[in-house]
Every structure is written in structure tokens, then in C-alpha cells.
Amino acid sequence: MEVLGGEFCDMTPQELAAPVNTITEKWKLLPAFLKVKGLVKQHIDSFNYFINVEIKKIMKANEKITSDADPMWYLKYLNIYVGMPDVEESFNVTRPVSPHECRLRDMTYSAPITVDIEYTRGSQRIIRNALPIGRMPIMLRSSNCVLTGKTAMEVSKLNECPLDPGGYFIVKGQEKVILIQEQLSKNRIIVEQDRKGAVGASVTSSTHEKKSRTNMIVKQGRFYLRHNTLSEDAPIAIIFKGMGVESDQEIVQMIGTEEHVMASFAPSLEECQKAQIFTQTQALRYLGNKVRRQRMWGGPKKTKMEEARELLASLILTHVPVKEFNFRAKCIYLAVMVRRVILAQGANKVDDRDYYGNKRLELAGQLLSLLFEDLFKKFNSELKKIADQIIPKQRAAQFDVVKHMRQDQITNGMVNAISTGNWSLKRFKMDRQGVTQVLSRLSFISALGMMTRISSQFEKTRKVSGPRSLQPSQWGMLCPSDTPEGEACGLVKNLALMTHITTDMEDGPIIKLAFNLGVEDVNLLCGEELSYPSVFLVFLNGNILGVIRDHQKLVSTFRLMRRAGFINEFVSISTNMTDRCVYISSDGGRLCRPYIIVKKGRPMVKNKHIEDLSQGYRTFEDFLHEGLVEYLDVNEENDCQIALYEHMICKVTTHLEIEPFTLLGVCAGLIPYPHHNQSPRNTYQCAMGKQAMGTIGYNQRNRIDTLMYLLAYPQKPMVKTKTIELIDFEKLPAGQNATVAVMSYSGYDIEDALILNKASLDRGFGRCLVYKNAKCTLRRYTNQTFDKVMGPMLDAATRKPIWRHNILDADGICSPGEKVENKQVLVNKSMPTVTQTPLEGSTQPGQPQYRDVPISYKGSTDSYIEKVMISSNAEDAFLIKILLRQTRRPEIGDKFSSRHGQKGVCGLIVPQEDMPFCDTGICPDIIMNPHGYPSRMTVGKLIELLAGKAGVLDGQFHYGTAFGGSKVKDVCEDLIRYGYNYQGKDYVTSGITGEPLEAYIYFGPVYYQKLKHMVLDKMHARARGPRAVLTRQPTEGRSRDGGLRLGEMERDCLIGYGASMLLLERLMISSDAFEVDVCGQCGLLGYSGWCHYCKSSCHVSSLRIPYACKLLFQELQSMNIIPRLKLSRYNE
Amino acid sequence: MAATMSNVEEIRNRVILGEFDVKNVHSSDFPGNYPGYDDTWNMQKFQKNFRIDVVHLDENSMEFDMVGIDPAIANAFRRILLAEVPTMAIEKVFVYNNTSIVQDEVLAQRLGLVPIKADPRLFEYRNAGEESAEEEGSEIDTIQLQLKIKCSRNPRASKDSSDPRELYLNHMVYSRDITWVPIGNQADVFADSVIGPVHDDILIAQLRPGQELDIIMNCVKGVGKDHAKFSPVATASYRLLPEITLLELVEGEKAERLKRCFSRGVIDIEDVNGKKVAKVVNSRLDTCSREVLRHDDLKDVVKLGRLRDHFIFTVESTGILPPDVLVTEAIQVLMVKCQRFLNELDSTNME
């Protein structure tokens, strides 16, 4: 009672007695949230920010081009815009283009970048508007995409799926995603221990102009600064002096006047003393000698001292602004760094690199802005170079820069980077591979899963556990289940359902507000205040803003202002008690998620708000603006008390989780009852859900993809989750509800194999369609020749098309609906034999010669032609695309999986009459061996079966939402109500004997996915077949109809067994046996019974050796080594 | 086996539903297995014990009891019903035009599953084999059906309508659109019986204006083990007659609880001397959910069993033939099989 009294003493009895109204349906906030933020919206937000805001900043930063040749000449950018996507129909005629057209026609979905410029031509000043400088690939559903703001109906008219999330690019007809990149946060001091245990601090500074890394290390008790422009480590005191803090006292004051701090810094001062450096000039001279020479062509020569000063001002700790060599702020920053290191040495307070508050996520917009800035600079320097070259030459026409502005540099730069994924920017020494990936359209989930993927910059090969392991700070931000197995485990992550990634924000107003709230400007301090115990340092985005006495007030007022909407909702503020700092962040790339605000033990969101929401009176933004809900980033989250459930709210609670299941991502959200499964099973399902066939979008039948798998009869899962509804999985499902009997049957079900019911397959269970395409372009060549498509060749006797051309129409292209067999021709294309421009003077033949280059079908099974598309691509060449279709019914060896990481291949297909049946006459579709359960511990699957069974009986869908969902007890009560066993175990009769089975069988529907791995694509056998040209051994691999290798270990077995004749057969006779003539006298290889060395045939005998052996002898001979064979008769 | 003579009768005649397993699942009444029982098969005894009671019969389904027979034979009827009673079903689909969204193969599969009302007994099997595959079907083994439909805009639809039912004509292709094309003398032979789909409301495809289907289908005679479309039944199965015995008197609240443990109508509560006493009224209705075994105090007062030789058959026809005909056909099939086996035995020389 006393405990209670302490907690609730400030409440009135009435308040205490009031019934607790729980918010019943706060999950309804989720769809509202997903409408505005989350999942792929961060890609779109980031891209929108780039094309609307950032690109103008880039232009501003590089706005003027001048020429060395003519001081009067200049070009100034006034404005820059990115237009709407279009396609050039003919010269200077454009028309808007839809994304799907780009997909089909192998074009890039891009919009022109236009600029307004002001420049001089001769002595005139000219303003030109809307000049195109290049094309920008446009992200689907971004602000400049044709799809934004359209209704589902209008989107469908454009052949686009209304449920498609967008957020990717279409480049050369391919859908490309720029993966989210995870990085250590920039401009923050990270104190860490190196491998020897020495503490050091490092800062990666990054501004628009420069990127640099500054390290602070401790060697023999002395502090040094390490930077890659300095040839050796510079003592920190000398740096201070170089920055104009000449007095030792001042240095110490800035760092801290506590006894132990002074003691640990003393050796550094002493070293400076020993080096006889007392003034700024001396220090700069010292540093000037250490500066690594950089090739500086152009510009006036600088002295060493100037160079050192330049270095201190612009290269070391670049992000701390230095105006006119006022080093004050930088000195203080450096001092704080030193102080951090000193304090970390005592107590073990090093920072955690893997902590998510120290990470920033780079999105498409940021990556593209880096790329664009680079290309824009290159474009400008090219213009300058042209100006420098042309202006001095006197020409009839005056130099007009507009004529030299070429679009292709920026266009190609952007397109190439996105289509190859290679981001190489020399300016930032950035060279990344695999930034973009082709959007996987195997299933809707795989596409959506790809949009939330985060790739880490860590090397995959390194065996480190730190960055791979699950960090507590990932809670709610990143999905704990969804990560691949194997080398990328833990390095590739996925966003959780409610995570949002911030974009950059203006920090001007925040600085102003901070000063108004009592922060004292750092430039006005003498330095000693920094280490006062009563004072907290205030950082904004890694820069020191100043100090504050009452940090609690600052933080609480700041948050109040944010909730009231005076500051952007994504600005975060948090206190760090150990470092005595207040961190304000407004930078982009922080992870954040919304929480319900709790005040005085009561959540601010009430039932009436939720009612308003479901009636549409309120949006998620209203919740934000009214201060009911707010975003917290990882750092601020650490500063709050968040209750998971409403009943867990206590006096100190500041926030309430919206719904706990949102801590899972998209892929893990499909799993019913994941909280009952062993965790690796959920991880396996996350990987497998991406391979499940089903539907990929409402526009799937309009697509011509290289490979597409569809299910003939996809079904909604009987047991769904909230996530499934939120991401529209039930509208684009990938799987079928199979009636499963958990029992053993026949022995063909060992090792997770499944038994399928033949009648179910007859009726369409697991039936899938496989689409492939064949492509062909008809080009025009430089010598005025072009590719042709010829009609079918007719048999001379019958006047019917020859078999290979059987399916061709009169136009030489196959017709839709026809069946194609292996090696039949799809497009009878022929190409001119000469495509180069003939040399001058040589006679041009009247009629060009043509050579057949047919596009023919390859495949072990027949296909049908679904459709033929004839169009033109961006290069104005004809483009013919043919979509081929196969329908496959499941067969032995096809792979299936439930949603619990329980995969298995079909082991046997059993006729319905042999299947066991229950009292109601139901036969299972699938029989699964019960041995799959004990070791996997997928209790979720057991519950899914129960809930599914009850749902079928009840005619309703049950929920298996994580940390919630229908209760087992309720579900089982339902079963009883319909006369079924409480435990879901039915009395079953064997279909073979007709007698009942001794055991009760766990029987009911489970959602099964058909995975893309099918035997038809994998089966391979060969008796005779192609051989490699060089060695005459059988080729390798299924695609080349290769042989199956009897490898080293198999060879060892045969040797051990003594089966020498078998070995001989396998390794030589069945492989590359070759008759050679060997001369017994010289031991060299002869030829057709004649030894060319001995010029005789008397000692030549013929023997069989592997061709590879003969090849080896000849190769050895070619390098002056003579292998000689010694022959003797085996009976001598 | 003869260890406890007391429960031999039970072992021979009952399947016992235990809490965790089913006991006495196998029939064990082979001759000589039990001392004192004469299990040799003899016709009189069989005729005396065997009976079939039809419990329910309508045009699509029937329920009948088959009593006094070994599960192997009962199961044979079930298996034959599922897999070996022939019907006519669409086997070949000639697609002349299909501009709908449904792929040719999927459309063919859907059409195949449509039950075709045609008496299979009046048709022959088509010759299976390589050379006959190309042959045209004849009037004795093939039914030809046609589906020719084109979707168009409804000229009378109101302008602002968005309902496809009002906007378009023929946008839903149902099985009723399939028409029969008689071959040879079929028009005369089957003059009184209409050949075509059993149900006229099976959705085959959806069309949009301009899309059309032009399809000729050939139906042939086949059996369910070849493809499920030939199966004449939706399902055919049986269950054993449940038997619930109360071992002691169950009264009062326990009786109420016991009643709730079974399907409705199984247990009745009688008023005996002012006390409520449970009594098994109709154990046939029980679904064998074994709910009673979850109650610790009740699980020892009941014995759940099933009569080993009392099969309650349920036959659900697809509508091609009435269920009683199907059962007769199944018996015919079994008889033919037996006859063939006997012939085989007679013809083989004992060597």
C-alpha cells in the first residue's frame, strides 16, 4: 500500500477511483501514419527534398562561372528546376510519358533539368530561361512523377498498379532501387578504444565542400592530432597555439581545470614547451613543415605558414565554421575533444559505434545530390574550359556559351550511376559499388521488402560480431527478424513498419530559438565555463552551440515548442548525463518513429480521437499538431520512458507505444503468431516470403519482365495479421490455404518432404504460370543498311513453312497463342553482313548481303506465346519483345513453404482415394511429417492451423498479429462449438485400408507458399553432349548441357575401392579419350603413324590417352620442355 | 490376443476412442484368431448380418448405412466412387480465339472441372494410345460443346454508372453459355435429355468490351483416378457409427455438463425422481470431438466407441448422376473387377 501511495499520492480519490479507459483501437493510427510516412515514403520524401530544395542549394553553391581568358565573361545560374517526365518524340517535340511505357520500351523515366541563366555574349548581358542541361531520372510517386495525386482509377489507366509503392527508378527499362545506406553519423565526436586499449577520439567532418577525418590519439600520455594532410601526428598544444591560443593557461581553462584533467594534459603542454613553440607564428611554421604537399596548380603560391593556417581553418574539423581565421569555435571544439578523451580514460565511457543514435541512413535523395553536385561541377568546369579555349580565338560569331551546353554529360552520368550502381565521386574519394539493385518483382513482398532494405558499409568478409548483432537501440526502428543468412547476416537490415527517416532541415531558426531559451553563445565564453559542473554543453548537429545552466528547462521548453508546432516535428533534443551535454539534431538520415505522448500517467490520445480518425475527421498530422503524438529519434527515445502497453504506464512514463507489432518489418509482418516461434524461423520466413509466387501487382499482365512467376489461384490467408492488411498483402497474396494433416505417410515424407493430394493439384492447387521474355532490336547501321525480319521459309516440296518457322506469321514474328518448341524461331531476323561504312573508293555492292540471326526459343519444355510487342526504344531502333508463358502444375521436387520457415519439397503425389479422410469426408491437400515440429519449435504454425480451422468453420478471418491476435483459447472454443476436437486433432480414417488411424491427427488449414525453385528449372542429366573446344572434355553446368563431374573425392573413393577400370572409364573413356601415335624411339607424339622427329614409322605405336594429357605435352613442348613417353610392351 | 476373454467382444466389434489414441483400429475377426469364435466366412451369416439402410436421399446427396461388412470392402466402395466410376468431362479444348485475361491453359483447366450432364453409361471410352490421339471423336465416345461469347458495352447503361453489371453485356461468362453441338445422330439419341453443364452459374471467365471467347470443347468418358474432373462425386466418405456408453449414473450439474460435451441431441436429460439424469439418446449424431475427455470427472464415466462394421456412408454427387445410381455403378465396377479376377484365376494354369 505504501508503494502505491508513493506513486499516486498526487491524485485525488476521484481520479483514482475513475475507471481506466483504455484506448481500444490505437492501431488505427497506423494506417493513418502509413498514409503520410513510413515504408517507402522516406525514399520519396528524400527524393522530393533533393529535386525541390537541395538541387537549388547545389546550384547556389556553384552559381557563377568565370573565365581566366576574359574577366568580363561570366555565367550565372539564376534558378534550376526539374520538370515532369517526358519523352522526345522527334526533334524538340516532347510528350509526357508514363512509367509503364518506359518499362516496356526500355527507356529511362526521366525529366529535363532546366536552368535560368544570365551570361555575357560579347558586351551584352543576356538572360535565358528554361535551358535544359540534362535529364534527371524520376523516382516513381515522387512530387514530379505523373502518378502523384492521381486516384487509383487514373493510375490504373496508366497501366500502373495502384498498390505499387513507388520509390524506385526506371532506367533503361529496368526498375532500380537505391538501397538505404547506413553510415556512422557525421560531425560527431566518437570516443573509442583502439585494439591496444588506448582511448582516442575521432570526428568525420562533412560539409558540402569537403570531407575529412580528424583523429585525436594518446601516445605516452601526450595528445596528438592525426589527419591525413599532416605527414606525422601533431602535438595538440601546437595546434592550439597555431589557432591563436598562445597561453597555456587558456588552453588548460578550455579543457578543464579539475586536478586529474590538468594532470593528464600537462605532458602535452610540456612537449610543446620542449619543442620551443610559444607563439602562433612558431606553431604555424612547425605545422607548415609537416603539411603533406598537395599539387596545387594554378592560384598564387602560398608560403608554408599560410598553408598551415589554411589547413587549420579548412581541413581539420571542417564542419566547424571558421570565418576570417577566427578559430575560437574550433579551439573550443578541439578542447572538448581532448576533455572527452581524458574523461573516458578514467571511467570507461567510450562511445558505442554500433549504437543506432550514432548512425545515419543515406537515402536516394542524398546519394543523388552527391552525384548531381559532382556532375554539375564537372559540367561547369567543362564550360569554363571551353570558354578559356574559345574566347581568346577571334571568331566571326561571338562566343555564346549556350551553344556549348551539352545535355548528355549530366544525363549519362545519372543514368550510368543508377543502372550500374557504381557511385564514384573523386571529390569525396567515394567509390561505392552496388548502391542500386534491380527491384525484385518475384512477389509483391519481395518488391516491398527491397524498398525497406538497409545496407551497411561494412565489409561482408570481415568476421566481426559487433556491427552484425542486434542492437538494443534498434528496437522499433529496424526489424529484428528480417536479415539474410550467411555473409551479409546482420549487415543488411530492414526498416520496421513505423520507421521514418528524416531529411535535412534549416538549422537557423533552431539556433535562434536555442539562444532565446538561454543558451549562451560559445563565442562569447572565455573557455573555462565549458567544464563547470553546473553547466551543460549544447550541441546542434555536432557543432557546439553554447552552454546552458538549466538544461532540464531547455529540453522541456524545446519539446513543448515542438509539440506546439513551432519547430519541425523531426527535430530531436536529448540530454546525455554522462557527457553533460544536450544534443539537438535536425540533420537528415536519423531514424525516428511516432509515439503517443503520456502526461500525468494518462495517454494524450483518447478514444474520441481514434473515433474521429476512423470517421475521417482527423488525420495523422492533426495528432502531431495537437501534441497527441510525436516523433522520437533513437537518441531522444533513450531519454524517454516509454510504456509498451497502457497498463504499464507509471508515474515517470512519458510516452506510450502505438502498437507493439510495429517493431517488426514488412516481411516479418506476414508471419502469423511470430511471437510463438523460435526466432531463427521468423528470419528464415523473411527470406522465403520473398521467393513465394503469387501476384506481383494489378498490372502484372501488362508487364513483359525477363522472369515472372504467378500463381493461378492465389488466396488470402485464413489467418492474417494487421500488417498484412496495412501493406495490402491480402490484395496481392502469394500463397494458398492448404488443408494440412500433420502425420507421417509412406516414407516419402522424410526430411521435410510433403505429400500432395493429386485431386487438389487437378483442381488447381499450386498451379503457377511462368513468364519469360525474348527481346530483339532492329538496328540501322552507319552504312545505311539495317536489320530485316523475314517471313517464314517454305519447304520446297510441300509449300508449307519449315518446322523451325512453323509459328511465324507472314511478318516473320511469331504469333500469339502459338506453342513454341525448343529451337523454333521466334523472330526471323537477318542482319547485313557488312555493317561498317565502306572505305572511301571501294566499290559499294548494289544489294547488301544478309545473314540469318534468328531469335530462337531455348528450353526443355514448350512455351506458349502470350503476346508480342513491337515498339521503338530511345535510340529509335525497333524493339520487339515477346512474352512466353508456361503453366506448371506442382510435381515431385517442387518447393513449398508455410509462413514459419518450414520449407519442404514435394515427395510424393498421392491420389485422393489413398489420402486419409476425416469424419466429414475432408481429405488433406498436404500431408506434413510431424518430425518438422520438435526441433524447429514453430508453435506459431500450430496456432495458425487452429485459428485457420476455426475461421473456416466460422466463416471469418482470424488474426495472428504479433503480440496479439486471436487467443488459442477462444479459437479452440470455436472448434468445440462446431463439434471438433478442442486440440484440433481429428479422428481420421486411412484411405488405403479403410480402418481408422491409431492416432488423432492434427488437421486444418495452413497458408502455404509455392517457392520459385521448381525441378523443371533444375533437373539435368546427360549421356552424350557438347564438349569444350580446348580440352574436349564435357562442358560444365546445366545451362551448357554439361556433364556431371566425378570429382576428386569420388575419385578417391574409387581408388580406395580398387575399381581401376571404372576409374579409367569415368576419367578417360567417357570424357576425353584420344588416340595418339607415339614414337617408341624418341618418345614424342607423331602423326598418322609417322614420327616427324625420327622421320620413320617403324617405332610408332598408337595408344589412348586423355586429350588433356596430349594437350599438356604439346603445351610443355611449346615452352621448351620435352615430355617423352617411354613405351614398353605390357607382356615383356 | 486371447488374454482377456472378457473384452474380446469389445475388441472384435468396437473401435475405442481414447483420450490420446484410438484403440482396436484393426479388424481382427479372421478365422482362428479367437478361440471359441467361428469366423469362417459363410454366405448365410453374411446375408443375415449385412444390411443397407438408406437414411437420406435427394438428387445430390445421400446417406446410407452399410452394416456387417469388413472395412476393406466398404473402403473399396468409397475408393471406386471417388476414382473409378466413369463420367463425361471436357478433355480437349480447341481455342479459336481467346482475348480474355484468362490464359488458355487456365481457361482449359477451369472448363475441365465443369461437370457435364451426360449419362456416361451411354458412351464408350475413347481409345487411348498414340495413333488414336489425332482421331476425331465420334458420336459414340465424344460430346462436343461450344462456347462463343463476346463482351460489349451496354448501349442502355446510364452514363454515370460504374457498375460493370450495368456497363457491359456478357462480361461474366457462366457455364450456362456453353452450348451443346450434337455430332452424328446424337441429336436424336439424346433428344429428351439435355446435354450440357450441370450447374448454369459456374463463373468461367470475366470479359471486358471487345474481348471474346471462341472455343470448341470435346468431352470424353474417363475415370477419377485419371483426373479429378472425372470423379462423379464431390466427395464420398464414411464414418463409423459412434457409440457412447455411460458407465455410471450421471446426475445434476454433471449431467448438464456431459450434455454440452456432445453434439446436440446426443445426450438427453431425464427427470428421474426429481434428479436430472443423463441418458444417451442418439449417439449417431455425435461428431466424436471427445470433448468429454477434457473433463477429469467425466472422462471415466463414459466410454466412447464406434461400431467397427457399421459404416455411415455419405455420397455427394456432382449432379451428373444421382447418388444412388453412383453407388449402384460403384458396386457394378467392383463386381466387374471381381469377375475379371476370377477369370484370371481360372485362366492361369497352375504350374
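Procedures and definitions
- Along each chain, numbering runs from 1 in the same order as the chain's sequence is written.
- Think of it this way: whatever chain is written first is A, whatever ligand is written first is 1, and the rest follow in order.
- Residue-level local features of this predicted model are given only where pLDDT is at least 70; pairs of side-chain atoms are given and counted only at 80 or more, and the full residue set underlies all totals for whole chains, interfaces and linings.
- The basis for every side-chain value is the complete set of non-hydrogen atoms in the structure, without hydrogens or water.
- Strand pairing follows a simple DSSP-based rule, namely that at least 2 bridges must link the two strands.
- Each helix is a run of H or I in the DSSP string that is no shorter than four residues. Each strand is a run of E no shorter than two, and both are numbered from the N terminus.
- Between N-to-C directions, angles span 0 to 180 degrees; the directions come from axes that are lines fitted to C-alpha atoms, helices contributing only their stretch in contact.
- By definition in these notes, contact holds between two residues if any of their heavy atoms fall within 4.5 Å.
- In this scheme, roughly parallel covers angles under 35 degrees and roughly antiparallel covers those over 145, while 65 to 115 is roughly perpendicular and the rest are oblique.
- Three residue categories are used. Nonpolar comprises Ala, Val, Leu, Ile, Met, Phe, Trp, Tyr, Cys and Pro, charged comprises Asp, Glu, Lys and Arg, and polar comprises the others, including Gly.
- Only Phe, Tyr and Trp rings are paired, with Trp represented by its six-membered ring, and only when their centres lie within 6.5 Å; those with planes under 30 degrees apart are stacked, over 60 edge-to-face, the remainder tilted.
- For a Lys NZ or an Arg CZ to count as sitting over a ring, it must be within 6 Å of the ring centre and within 35 degrees of the ring normal.

Tell me about the pairing of strand E10 (residues 189-193) of chain A, and name the residues and values.
Residues and elements named next belong to chain A. Inspection of the sheet shows E10 paired to strand E11 (residues 199-206) by five bridges, in the antiparallel sense. Across the sheet, residue isoleucine 189 finds its bridge partner in E11, namely valine 203. Counting the residues between successive antiparallel strands, the hairpin from E10 to E11 contains five residues, one of them, glycine 197, with a positive phi of roughly 95 degrees.

Tell me about the sheet that holds strand E14 (residues 212-222) of chain B, residues and numbers included.
Residues and elements named next belong to chain B. Read across the open sheet, the four strands follow the order E5-E14-E7-E11; overall the sheet is antiparallel. Across the chains shown, the open sheet's two edge strands, defined by having one partner strand only, are strand E5 (87-98) and strand E11 (178-181). Put simply, the sheet's adjacent strands are angled 30 degrees from each other on average, direction ignored. Strand direction decides the pairing type here: strand E7 (residues 143-150) and E11, joined by four bridges, are antiparallel. Paired with glutamine 146 across the two strands is threonine 179, which belongs to E11. On top of the sheet, helix H4 (residues 104-112) reaches E5, E7, E11 and E14; it is set at about 150 degrees to E5, its chief contact.

So, the packing of helix H10 (residues 280-290) of chain A against helix H11 (residues 304-314) of chain A: which residues are in play, and what are the values?
All names here are of chain A. At a minimum axis distance of 8 Å, the contact between H10 and H11 shows a crossing angle of 90 degrees. With respect to each other, H10 and H11 are oriented roughly perpendicular. Along its contact with H10, which presents Thr281, Leu284, Arg285, Leu287, Gly288 and Asn289, the element H11 presents Lys304, Met305, Ala308, Arg309 and Leu312. Here the residues of the contact of H10 with H11 sort into five nonpolar, three polar and three charged.

Could you give an account of the sheet that holds strand E23 (residues 536-540) of chain A, naming the residues involved and the relevant values?
All names here are of chain A. Strand order in the open sheet made by the five strands is E22-E24-E23-E26-E25, with mixed pairing throughout. One side of each edge strand has no neighbouring strand; the edge strands of this open sheet are strand E22 (520-521) and strand E25 (572-576). Helix H16 (residues 508-516) contacts E22, E23, strand E24 (543-548) and strand E26 (581-585) of the sheet and is inclined by roughly 20 degrees relative to E24. Seen against the sheet, helix H17 (residues 551-564) touches E23, E24, E25 and E26 and runs at an angle of roughly 160 degrees to E25.

Tell me about the packing of aromatic side chains, residues and numbers included.
Following the criterion strictly, the structure yields 23 aromatic pairs over all chains and no others. Pairing Phe64(B) with Phe313(B) gives two aromatic rings, centres 5.0 Å apart and planes at 0 degrees, and the pair type is stacked. Of the two residues, Phe64(B) is situated in strand E4 (residues 61-67) and Phe313(B) in strand E18 (residues 302-317); the sequence distance between them amounts to 249 residues. Both rings, one in Tyr238(B) and one in Phe313(B), keep their centres 5.3 Å apart while their planes meet at 50 degrees; by these two values the pair is tilted. With a gap of 75 residues between them, Tyr238(B) in strand E15 (residues 233-246) and Phe313(B) in strand E18 connect regions that are remote in the sequence. Among the aromatic residues, ring-to-ring pairing joins Phe47(A), Phe50(A), Tyr77(A), Phe169(A), Phe372(A) and Phe376(A) into one connected group. The ring of Tyr356(A) is capped by Lys359(A), whose NZ or CZ atom sits 5.8 Å from the centre of that ring. Lying across the ring of Tyr959(A), Lys722(A) places its NZ or CZ 5.1 Å from the centre.

Keep in mind that these numbers describe shape and distance, not what the molecule does.
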